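Summary of structural features
Here is what each chain is made of, one letter per residue.
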Amino acid sequence: MATHKFRTEVNQLLNLIIHSLYSHKEIFLRELISNSSDALDKLKYLTLTDDAFKKLDFDPRIDISFDEGDHKTITVADTGIGMNQDEITEQLGTIAKSGTNGFLSQLTGDAKKDSNLIGQFGVGFYSVFMVAERVEVISRKAGEETAWKWESDGKGKFTISEAELDGNGTTVVLHLNEEGTEYANRWQIQEVVKKYSDHIAFPIYLRYMKAEYDDKGKEKSKEEKLEQINAASALWKQAKNDLSDEDYKNFYKTITHDTEDPLFWLHTKAEGVQEYTTLFYIPKQAPFDLYQVDYRAGVKLYVQRVFITDDEKELMPTYLRFLRGVIDSEDLPLNVSREILQQNRIMTSIRNASVKKVLGELTRIALEEPDTYTKFSEQYNRPIKEGLYQDFANREQLVDLVRFKSTAVDGFTSLEEYKKRMLGEQKAIYYITGGDEQTLRHSPLLEAYKKKEIEVLIMDDEIDEIVVPSIGTYKETELKPVNRADAGEDLQGESDEKKEKELKPVVETIKKALGDRVKDVRISVRLADSPSCIVVDESDPTLKMQEMLKAMGQSDLPDVKPILEINPDHEIVKKLAGVKDEDFAADVAFLLLDQALLVEGAQVPEPAEFVKRLNRVVGRAV
Ligand code: ADP
């Protein structure tokens, strides 16, 4: 017998399970059945596709029994693929799932928040330690002779030893702790299985003792009974009319381990050139690994009810990676490999049709159930934006599904709604990018728009810099960033030309002082209260964009210089025209530039110089 230690992440998870998942103890049974079902799926696939397994006598089933006597136990046994010595040591001693580290790093210590996260992550096998003080797993891999026993009390260590098992598969014996004893009972087990595992595709049997009583209530005899306790039919193959909302929700929980109900779902049967069924769910909470490179795929592929894979990210486009559910094709070959799958004509057409279905449903919800759609946007607006540059075929629909923050309304708005609110003479849809929401909302660039009551969209999402310029125009109206030199056409007034002439000497003074720190100095039409602001030339990347490119490792970037705009009506600018002292004028010029950078959330290149100038100017003023 060999003793092993759990890996650190297992200990961490075990701790969490015991402290945060307390109110969902019953899920241990769902997790065990789900593991058994996966093991049966894997063996079923091999018996259909691999010659070495075709002769195997395969009777797929899950058997549950319990002991309600003094020594309370529950046993879950399957005839699935089983585990050999290495596998049982590895798989029940570590967490091999991708995204584990990301998951653990997001934990907050707040039991309620963490329990949601754990729910999404799926605690799997280790949930048994909520109800058991000792657990034995006896397993024999299909095609091998030796069985192995794993045993642990969930407190840091486990042992592995040789064991006996009739046939291949895995048997899990739970020695229940005080909290777990209530589950060693026929009605509890039946209820939990009905709730979560009714539509597991393999039969689940419950073995129990049934007593007969005489008229005086005395036990006459006791007999062992074996009863199938689940429907064992693939839920997605059933007619919509035969399924209740509860059925859909419980099935969702079975396949995702989520503790919450889904936001909504979409069940489609396609018949015609191709026959397939899809059932997609949108989780209420975005999956915790949505923005991790090693996110887990959420859609499972079946071929004629045979499970093929749950680890294929190409089944749906990446921007829809938050979808959960099932695709079941009648036409794909059973032994479809990953390579085949990726270029398979049938798969491509299922995928394209599914994307259209999902986007169609989102469009409907946006229209008919605005509250639900707001919830959707709060979680998934960003992936939908990613779709704008990933999925050109569906761009038009995606543009209408994206939501933005705005200076005109609270919460989210669509481009369509913006268009409806546009002023009669307004020529473009305006937006501001390049910082967090508060910085953007207070940017001097918005002053004149606010004054004229022109709405500006607040784009505070990092990817807006890339996504939004790619929209270009929306239904014939151009989208223009307010920090571009040419975005002022809706702001121009009649007196502007006169001011231009008057202030020419000031502009020249500032230009001379700032030298090559700026590309140009111009009279602004977009300022009301602030003396100055920074804009970028038509074809230049914005400050934020430059930062992003640098962060992405682009070092050979040309040095892009900003254009300084000054407010012709501001006191500082007006008075500067009369200043004779060149050094003092230069200090003011630099302060006009540096304060405009600061208010945009950008860095001042020489903070020490900035402070010196500031002090000289203040010194003169006091
Ligand atoms: P998950 O099922 O999400 O991968 P678990 O912690 O539940 O995580 O299980 C870890 C691994 O142990 C599984 O991926 C599987 O390889 C193995 N395993 C668990 N239960 C069984 C079983 N009944 N039969 C075969 N392998 C199993």
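Up top is the structure these notes are about.
A brief look at the structure comes next. As the structure is a prediction and not an experimental result, all values here were calculated from the model.

**Quick look at the packing of aromatic side chains**
Under the counting rule described, the total for this entry stands at 19 aromatic pairs. Consider the rings of F264 and F376, whose centres lie 6.4 Å apart with planes at 45 degrees: the pair is tilted. Here F264 is found in strand β10 (residues 262-270), whereas its partner F376 is found in helix α11 (residues 370-390), with 112 residues between them in sequence. The class for F376 is buried, based on a relative accessible area of 1%. When the ring centre of Y295 is taken as origin, the NZ or CZ atom of K313, which lies over that ring, is 4.3 Å away.

**Side note on the sheet that holds β10**
As summarised here, the arrangement of the five strands in space is β10-β11-β14-β12-β13, forming an open sheet in which the pairing is mixed. Each edge of the sheet is formed by a strand with only one pairing partner; in this case those strands are β10 and β13 (306-309). Taking the axes of each pair of neighbouring strands and ignoring which way they run, one obtains an average angle of 20 degrees across the sheet. In this sheet, strand β11 (residues 276-283) lies alongside β10 in antiparallel orientation, the contact comprising eight bridges. For L266, the partnering residue across the bridge sits in β11 and is F280. Along the sheet, helix α8 (residues 245-256) contacts β10, β11, β12 (299-303) and β14 (324-329); its crossing angle with β11, the most-contacted strand, is approximately 80 degrees.

**Comments concerning the pattern of salt bridges**
As enumerated under the stated definition, the model contains 44 salt bridges in all. Between D328 and R305 there is a salt bridge, with its nearest N and O atoms 3.2 Å apart. Of this pair, D328 sits in strand β14 while R305 sits in the loop between β12 and β13, and the two are 23 residues apart along the sequence. R613 is the partner of D587 in a salt bridge, and the nearest nitrogen-oxygen pair spans 3.1 Å. Here the residue D587 occupies a position in helix α21 (residues 582-599), and R613 occupies one in helix α22 (residues 607-621), the gap between them amounting to 26 residues. One exposure class covers both D587 and R613, and it is buried. By sharing partners, the salt bridges in this structure join D587, E609, K612, R613 and R616 into a single network.

**Here we look at a nonpolar patch on the surface**
On the surface, a cluster of nonpolar side chains totalling about 300 Å² of accessible area is made up of Y389, F392 and I466. By the element assignment, F392 lies in the loop between α11 and α12 (395-401).

**Observations concerning the packing of α11 against helix α16 (residues 464-471)**
Where α11 contacts α16, the two axes come as close as 9 Å, and the packing angle between them is 50 degrees. One element, α11, and the other, α16, form an angle in the oblique class. Seen along the crossing, α11 lies across α16 with a hand that is left-handed. Every residue of α16 that contacts α11 at K385, L388 and Y389 is listed here: D464, V467 and I471.

**Regarding the side chain of D464**
Of note, D464 is situated in helix α16. A distance of 3.4 Å separates a polar side-chain atom of D464 from the backbone nitrogen of D460. Sequence-distant contacts of D464, defined by excluding residues within four places in its chain, comprise K385, T433, M459 and P469.

**Topic: the environment of D490**
Residue placement: D490 occurs in the loop between β19 (477-481) and α17 (496-502). Sequence separation between D490 and P568 is 78 residues, and the spatial gap between their C-alpha atoms is 17 Å. If we ignore the near neighbours within four places in the chain, the residues touching D490 are E425, Q426, K427, A428, Y430, K452 and I454.

**With respect to empty space enclosed by the protein**
Enumeration according to the criterion identifies four cavities of 30 Å³ or more in this entry. In this structure, the largest cavity encloses a volume near 80 Å³. As for the largest cavity, its lining consists of Y295, A297, G298, V299, E312, K313, L315, M316, P317, L320, R321 and L323. In terms of lining residues, the second largest cavity is bounded by I432, T433, G434, T439, L440, S443, L445, N483, V599 and E600. Listed by contribution, the elements that provide at least two residues to the lining of the second largest cavity are β16 (428-433) and α14 (437-441). Split into classes, the residues belonging to the lining of the second largest cavity amount to four nonpolar, five polar and one charged.

Parameters and conventions
- Residues numbered from 1 in each chain as written.
- Predicted model: local features only at pLDDT ≥ 70, side-chain atom pairs only at ≥ 80, totals over all residues.
- Heavy atoms only, no water.
- Phe/Tyr/Trp six-rings, centres within 6.5 Å; stacked < 30°, edge-to-face > 60°.
- Helix = DSSP H or I, 4+ residues; strand = E, 2+ residues; numbered from the N terminus.
- Buried < 20%, exposed > 50% of the residue type's maximum accessible area, 1.4 Å probe, protein only.
- Lys NZ or Arg CZ within 6 Å of the ring centre and 35° of its normal.
- Pairing = 2+ DSSP bridges.
- Axes fitted to C-alpha atoms, helices over the stretch in contact; angles between N-to-C directions.
- Contact = heavy atoms within 4.5 Å.
- Salt bridge = Lys/Arg side-chain N within 4 Å of Asp/Glu carboxyl O.
- Patch = residues over 30% accessible without salt bridge, like charges linked within 9 Å, V, L, I, M, F, W, Y side chains within 5 Å.
- Areas by Shrake-Rupley, 256 points an atom, 1.4 Å probe, with all protein chains shown as cover.
- Parallel < 35°, antiparallel > 145°, perpendicular 65-115°, else oblique.
- Left-handed = near helix turned anticlockwise from the far one by under 90°.
- Polar contact = N/O pair within 3.5 Å; in protein donor to acceptor, adjacent residues only side chain to side chain.
- 1 Å grid on protein atoms, 1.4 Å probe; cavity = no way out; pocket = protein on both sides within 12 Å on 5 of 7 lines; lining within 4 Å.
- Points joined across faces, edges and corners; volume = space filled by probe spheres on them.
- Nonpolar A, V, L, I, M, F, W, Y, C, P; charged D, E, K, R; others polar.

By themselves these figures say nothing about function.
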